[in-house]
Amino acid sequence: MIRDRLVRAELVKARAGRTGPALAVIAPVTCALWAALQALVFDGLGELPAASRVENVYAMAQQAYVFTLILGVLAMTGEYRHQTITWTFLVTPVRSRVVTAKLVAWGLVGLAIACVSALATLASGAVLLAVRGLPMLTPGVPLVLLGAVLSTTAYALLGVGLGALIRNQVVALVVALLWFMYGDYVLSSVAPDLGRWLPTGAARALSGMHLQAGALLPAWAGGLLFAAYVAAVVLAARLVTLRRDVT
Amino acid sequence: MLPTMTAITVTDLSKSFGAVRAVDQVSFTVEPGTVTAFLGPNGAGKTTTLRMILGLVTPTSGTALIGRTPYNRLANPITKVGAVLEATAFHPGLSARAHLEVLRTAAGLDPARVNLVLEQVDLTQAADRRIGGFSLGMRQRLAIASALLGDPEVLILDEPSNGLDPRGISWLRGFLRAHAHEGRAVLVSTHVLAEIERIANRALIISAGRLVRQAQLTPDSTDLEHLYMEATS
């Protein structure tokens, strides 16, 4: 199905390792729990229209982003941590090709995890909403799930890029998690006008998450902005860390 | 690459790390059908030189060619050059077979190569065990298997006998000798002079980044230790 041999080699790594399969289980479970929680606090968000609140339940599918982000970071920095980067560069001395193959392969792995997570969210949310006698679906739900799948996949790409830029695994993980779990949220709450332009804001726009405060960009613009962030990080990696000596 | 062509050509190769001149204007060639010993004290620049030949370290100046092409511009480099490097490791969670399968897939080689090289280094029995549980000697064998995967004309080895037991060392000696007899080139860095003088045709001695001695060797008759002491004193 996939012809490019470097991408296929990355997929062999993904299958042979244990992190990918583990995260592929943890991510959908987490999403299902978030969707359940959102369905339980449904009435507490009274100032939003009911349709928005239903969509917010399904938007929990984007909570898988943490796991695809981690997966992307691990995929790239693991090569440096275990010194397998030497083998990788001996086979493929054109280093930018390695990063491109990783973006494609781990983007595909991220997409798979995103799809499973969206299905888990859909199942969990629909059941709980139905049990509580609330409206189960709105016309906007398919788009919300699609957006969540796209943004979750995009975070895998961002993770690969960050891992290429920051070769130390622990530092890369800490930076990625602090930045995307807290940093952007803090900045957004301090300066709401700035929030929509941050990676998190772009991802939220892409995933169609309705916020109570601070308007987001349209989904397509959020997607483009997020892609620009990924491109910028990968470009920085190519200019700074990727060309360094492997000793 | 034709076997008659010079296998490795290093010309005025230099590398500085900050103010330290790690490799200084080193030039030599490695010919097919020979085992060339690359000798020198720790920190003399052996590893840096080998990594520059393999495109892992960028030279400050000078060139290193495999045949007529720099490593980084070879179309499918592991089919031309096999490398066993120090400080090269494996993902502990993968099996030996999975590690080789990753390299094989990335290089687009025949699937049968994996079993073949596992057999060549006598790792068939351990092929499906996780590398995390491997001894140093087994890892070294796996590194050699990885280097052989592309059936290369040129082998570059950095301290390959590290961690090998006497049987392994004996095997490696026979293996390198056979490899050279097939008309292939071997460049091997080592500290074990008594071992390498049994198979090497040529010695390159590097000290403080400079190539201080090149000598033809007659296997089993040259006093390599004497030569080394003289060159590095």
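Quick caveat: nothing in here was measured; it's all calculated off a predicted structure.

Definitions and limits used
Residues numbered from 1 in each chain as written. Chains lettered and ligands numbered in written order. Predicted model: local features only at pLDDT ≥ 70, side-chain atom pairs only at ≥ 80, totals over all residues. Heavy atoms only, no water. Pairing = 2+ DSSP bridges. Helix = DSSP H or I, 4+ residues; strand = E, 2+ residues; numbered from the N terminus. Axes fitted to C-alpha atoms, helices over the stretch in contact; angles between N-to-C directions. Contact = heavy atoms within 4.5 Å. Phe/Tyr/Trp six-rings, centres within 6.5 Å; stacked < 30°, edge-to-face > 60°. Buried < 20%, exposed > 50% of the residue type's maximum accessible area, 1.4 Å probe, protein only. Lys NZ or Arg CZ within 6 Å of the ring centre and 35° of its normal. Buried area = accessible area lost by both parts, 1.4 Å probe. Salt bridge = Lys/Arg side-chain N within 4 Å of Asp/Glu carboxyl O. Nonpolar A, V, L, I, M, F, W, Y, C, P; charged D, E, K, R; others polar. UniProt positions renumbered as here; feature names shortened; annotations may be inferred.

J.: Hey, could you run me through the sheet that holds strand β2 (residues 20–30) of chain B in this one?
T.: Each strand in a sheet pairs with its neighbour through backbone hydrogen bonds, running either in the same direction (parallel) or in the opposite one (antiparallel). All names here are of chain B. Overall, antiparallel pairing links the 3 strands, which are arranged β2-β1-β4 in an open sheet. Unpaired on one side and paired on the other, β2 and β4 (61–66) mark the two borders of the sheet. Along the sheet, successive strands turn relative to each other by an average axial angle of 20°, direction set aside. As defined by bridge partners, strand β1 (residues 8–17) adjoins β2 across 7 bridges and the pair is classed as antiparallel. Bridge pairing in β2 links Phe 17 to Val 20. Helix α1 (residues 46–53) rests against β1, β2 and β4 of the sheet, and its axis sits at about 120° to β1.

J.: When you look at the packing of aromatic side chains in this model, what are you seeing that I'm missing?
T.: Aromatic ring pairs are reported here in terms of the distance separating the ring centres and the angle at which the planes meet. All told, the structure shown has 7 aromatic pairs over all chains when counted by the stated rule. Judged by centre distance (4.9 Å) and plane angle (65°), the ring pair of Tyr 155 of chain A and Phe 226 of chain A falls under edge-to-face. One end of the pair, Tyr 155 of chain A, is in helix α7 (residues 141–165); the other, Phe 226 of chain A, is in helix α11 (residues 219–239), and 71 residues separate them in sequence. For the pair Tyr 155 of chain A and Phe 226 of chain A, one class covers both residues: buried. When the ring of Trp 171 of chain B is compared with that of Phe 175 of chain B, the centres are 5.4 Å apart and the planes differ by 15°; the resulting orientation is stacked. Of this pair, Trp 171 of chain B and Phe 175 of chain B are both found in helix α5 (residues 166–181), 4 residues apart, which corresponds to roughly one turn of the helix. Judged by relative accessible area, which is 13%, Phe 175 of chain B ranks as buried. Directly above the ring of Trp 171 of chain B sits Arg 141 of chain B, whose terminal nitrogen or CZ lies 5.5 Å from the centroid.

J.: I tried to follow the interface of chain B and chain A on my own but got confused; where do I start?
T.: Interfaces are frequently sized by the accessible area removed from exposure as the parts join. The partner chain A presents 25 residues to the 36 residues of chain B that form the contact. Buried area between chain B and chain A, summed over both chains or domains, comes out near 2500 Å², and the portion from carbon and sulfur atoms is 64%. When the area that chain B buries against chain A is broken down by residue, the three leading residues are Leu 56, Thr 105 and Ala 106 of chain B, summing to 22%. Taken together, the connections running from chain B to chain A amount to 1 salt bridge. One salt bridge in this structure joins Asp 245 of chain A and Lys 15 of chain B, with 2.8 Å as the shortest N-O distance. The set of elements that each furnish at least two residues to the side of chain B that touches chain A consists of β1, α2 (96–107) and α4 (136–148) of chain B. Of the residues belonging to the side of chain B that touches chain A, the class tally is 21 nonpolar, 11 polar and 4 charged.

J.: Just to check I follow, could you spell out the UniProt feature "transmembrane region" (unreviewed entry) in chain A for this structure?
T.: Residues and elements named next belong to chain A. Those residues carrying the UniProt feature "transmembrane region" (unreviewed entry) are residues 21–42, 62–82, 103–131, 143–163, 170–191 and 211–237 in this numbering. Measuring from the first to the last C-alpha atom of residues 21–42 gives 32 Å, for a span that is 91% helix and 0% strand. End C-alpha to end C-alpha, residues 62–82 measures 31 Å, and it is 81% helix and 0% strand.

J.: Sorry, what's going on with unusual backbone geometry here?
T.: All names here are of chain B. A positive phi angle is found at Gln 25, which is not glycine, with a value near 55°. Within the element layout of this structure, Gln 25 appears in strand β2. Look at Ala 208: it is not a glycine, yet its phi comes out positive at around 50°. Relative to the helices and strands, Ala 208 resides in the loop between β8 (202–207) and β9 (210–216). Residue class for Ala 208 comes out exposed when judged on its relative accessible area of 62%.

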